[in-house]
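Structural overview for review
Here is what each chain is made of, one letter per residue.
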Amino acid sequence: MSGLQPVRGTHDLLPDDMRRHRHVIETARRAALCFGYQEVATPIFEFTEVFKRTLGDTSDVVTKEMYTFTDKGGETVTLRPENTASVARALISGGLNQHLPLKYFYAGPMFRYERPQKGRLRQFHQTGVELLGVREPGGDVEVIAAGVEFLRRLGAWDRCVLELNTLGDTASRQAYRQVLVAYLNDHRGRLSKDSLERLEKNPLRVLDSKDESDQKIVANAPLSSEYLTPEARDFFAAVRDGLETLGISYQINQRLVRGLDYYSHTCFEITCAELGAQKTVLAGGRYDGLVAMMGGPETPGVGWASGVERCAMLLGETPPAPRPVAIVPMGANAERKAAAIAADLRRQDFVVDLGFSGNMGKRMKRANKIAAVAAIILGDEELARGEAALKLLDSGEQKNVRLGDLAAALAPYR
RNA sequence: GCGGGUGUAGCUCAAUUGGUUAGAGCGCCAGAUUGUGAUUCUGGAGGUUGCGGGAUCGUGCCCCGUCACUCGCCCCA
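Residues numbered from 1 in each chain as written. Chains lettered and ligands numbered in written order. Predicted model: local features only at pLDDT ≥ 70, side-chain atom pairs only at ≥ 80, totals over all residues. Heavy atoms only, no water.

Section: the nonpolar core
The biggest cluster of nonpolar side chains holds 43 residues, and the ones touching the most others in it are Phe 150, Leu 151, Ile 270 and Val 281. The element best represented in this core is helix H5 (residues 137-154), accounting for nine residues. Within the second largest apolar cluster, 34 residues are counted, among which are Leu 96, Tyr 104, Tyr 183 and Val 257. (Core = buried A, V, L, I, M, F, W, Y, C linked by side-chain atoms within 4.5 Å. Buried < 20%, exposed > 50% of the residue type's maximum accessible area, 1.4 Å probe, protein only. Helix = DSSP H or I, 4+ residues; strand = E, 2+ residues; numbered from the N terminus.)

Thoughts on the confidence of the model for chain A
Averaged over every residue, the pLDDT of chain A is 90; the share at 70 or more is 97%. Put simply, helix H3 (residues 60-64) is where chain A has its lowest mean pLDDT, 67, and strand E1 (residues 38-39) is where it has its highest, 98. (pLDDT = per-residue confidence, 0-100.)

Observations concerning the protein's contact with RNA strand B
The immediate surroundings of RNA strand B are formed by 45 residues, with Arg 112, Arg 120, Arg 205, Thr 280 and Glu 382 found nearest. Counting only the atoms of RNA strand B within 4 Å of the protein, the fraction contributed by sugar and phosphate is 56%. Between Gly 119 and RNA strand B, the recorded distance is 3.4 Å, taken from a backbone N or O atom to a base nitrogen. Among the elements that line the surface near RNA strand B, the one with the most residues is helix H13 (residues 360-369), at six residues. (Near = heavy atom within 4 Å. Polar contact = N/O pair within 3.5 Å; in protein donor to acceptor, adjacent residues only side chain to side chain.)

Considering the sheet that holds strand E16 (residues 398-402)
Here we have five strands laid out as an open sheet, ordered E13-E12-E14-E15-E16, and mixed in their pairing. What marks the edges here is a single partner per strand, and that holds for strand E13 (352-354) and E16. Averaged over all neighbouring strand pairs, the angle between strand axes comes to 30°, with direction disregarded. Direction of pairing for strand E14 (residues 374-378) relative to strand E15 (residues 387-392): antiparallel, over a ladder of four bridges. Within E15, the position partnered with Ala 374 by the bridge is Leu 392. Taken strand by strand, H13 contacts strand E12 (325-329), E13, E14 and E15, and its axis lies near 175° from that of E12. (Pairing = 2+ DSSP bridges. Axes fitted to C-alpha atoms, helices over the stretch in contact; angles between N-to-C directions. Contact = heavy atoms within 4.5 Å.)

Set out below in structure tokens:
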């Protein structure tokens with residue numbers, strides 16, 4: 001093994017991996033496009049403030065996971081740990097609130113300084129959608145439906161579970177938070193060390209604890225659903241109703257909370273148990289306060305992000321590479337002719353492999369190795385007749401074809 | 001950031017409780033085959049046993065450190 005290794009938590013995507021990766025992104029893009037979402041790309045780094053202000057000063061993402069550095073101009077910038085804050089920033093920078101509602105799709109790398117595990121990398125990739133400027137619960141429903149459609153096309157939806165919860169509006173959230181903190185404080189003595197810390201930073205997170213003792217306490221904790229304002233309750237009912245109309249099945253999980261500060265109302269998470277500890281493949285929610293929090297105009301938003309690497313693990317077969325046509329010339333004369341034939345076929349969008357050296361045997365071996373559908377064999381005898389030998393490599397069948405008819409003869413195998 | 005497990009050829013794995021020159025399959029290269037791949041046969045290349053230190057007459061195997069991967073925690077996509 002070589003001493004040269006990639007940076008911890010980063011990976012090379014060699015062709016097989018890359019095709020899986022590409023397939024996931026293309027599937028997400030096409031699904032999102034069907035809902036009218038258009039692709040955008042924001043820079044992979046932003047001024048650190050963009051993430052610091054929006055994610056919450058106590059979130060792990062901000063406190064320990066950001067790749068932050070000072071550039072040569074003395075600016076403090078951060079590699080994006082997620083894309084929603086960037087999109088919100090772009091909306092403000094570009095004055096895009098003139099054009100609401102906006103429906104955006106994105107795909108690209110994200111960076112978090114974490115301890116790597118399966119399905120958790122330091123450079124990973126996400127696809128996602130953001131719907132900006134829509135206050136109605138129908139927006140939440142559409143966004144979730146787009147995520148479900150994506151996973152359905154991927155062939156993964158029937159192995160996934162959609163969990164749904166509401167955090168309520170600000171008033172609901174504050175009321176519940178107060179009650180929960182009071183309850184948890186009464187049981188301080190039996191809370192785990194981690195949860196004592198959560199109690200300070202993000203009390204809702206205690207609901208999510210995997211610690212057994214915590215779970216016993218949480219089991220009797222007051223429920224957030226009992227502290228919703230009538231408006232928040234109606235909103236959530238409308239979202240649920242919308243999903244049911246579409247036949248999208250879900251489970252209510254009252255302990256489902258989001259790590260990032262900007263969420264309100266609907267939050268959801270789609271998991272696939274076969275992935276182990278990092279089983280969330282797609283998650284999101286509503287973030288009505290985000291744009292305003294960043295200093296922009298009050299703009300509601302809802303969206304999700306999905307992990308490309310995690311989705312790629314759910315794929316069965318690796319999507320095949322396109323099968324080329326190999327050209328096998330013999331002799332200098334044929335070689336020149338081969339270049340012209342290759343150029344002509346490529347102009348017609350055939351995938352053509354023309355080797356750089358080797359005798360016929362070598363070139364045929366290479367044709368086989370790259371899984372060519374056919375070999376166009378060019379020898380002086382054939383060329384003298386204005387023909388080539390066309391050999392189909394799956395069947396071994398071989399026939400002579402006039403040079404002008406090659407494209408037509410190959411059309412069925414394109 | 002915390003705890004457990006694992007590192008032997010490009011890949012998957014062997015290597016008697018510490019004992020000569022670390023093996024196999026697959027893959028790769030070459031030849032059989034100077035106008036035919038895939039199949040078959042023959043041959044070949046490829047290793048600082050992750051790296052560094054220590055104990056031992058002697059280590060792939062024991063001890064310490066380190067790096068990477070992996071499982072879980074934290075957190076998250």
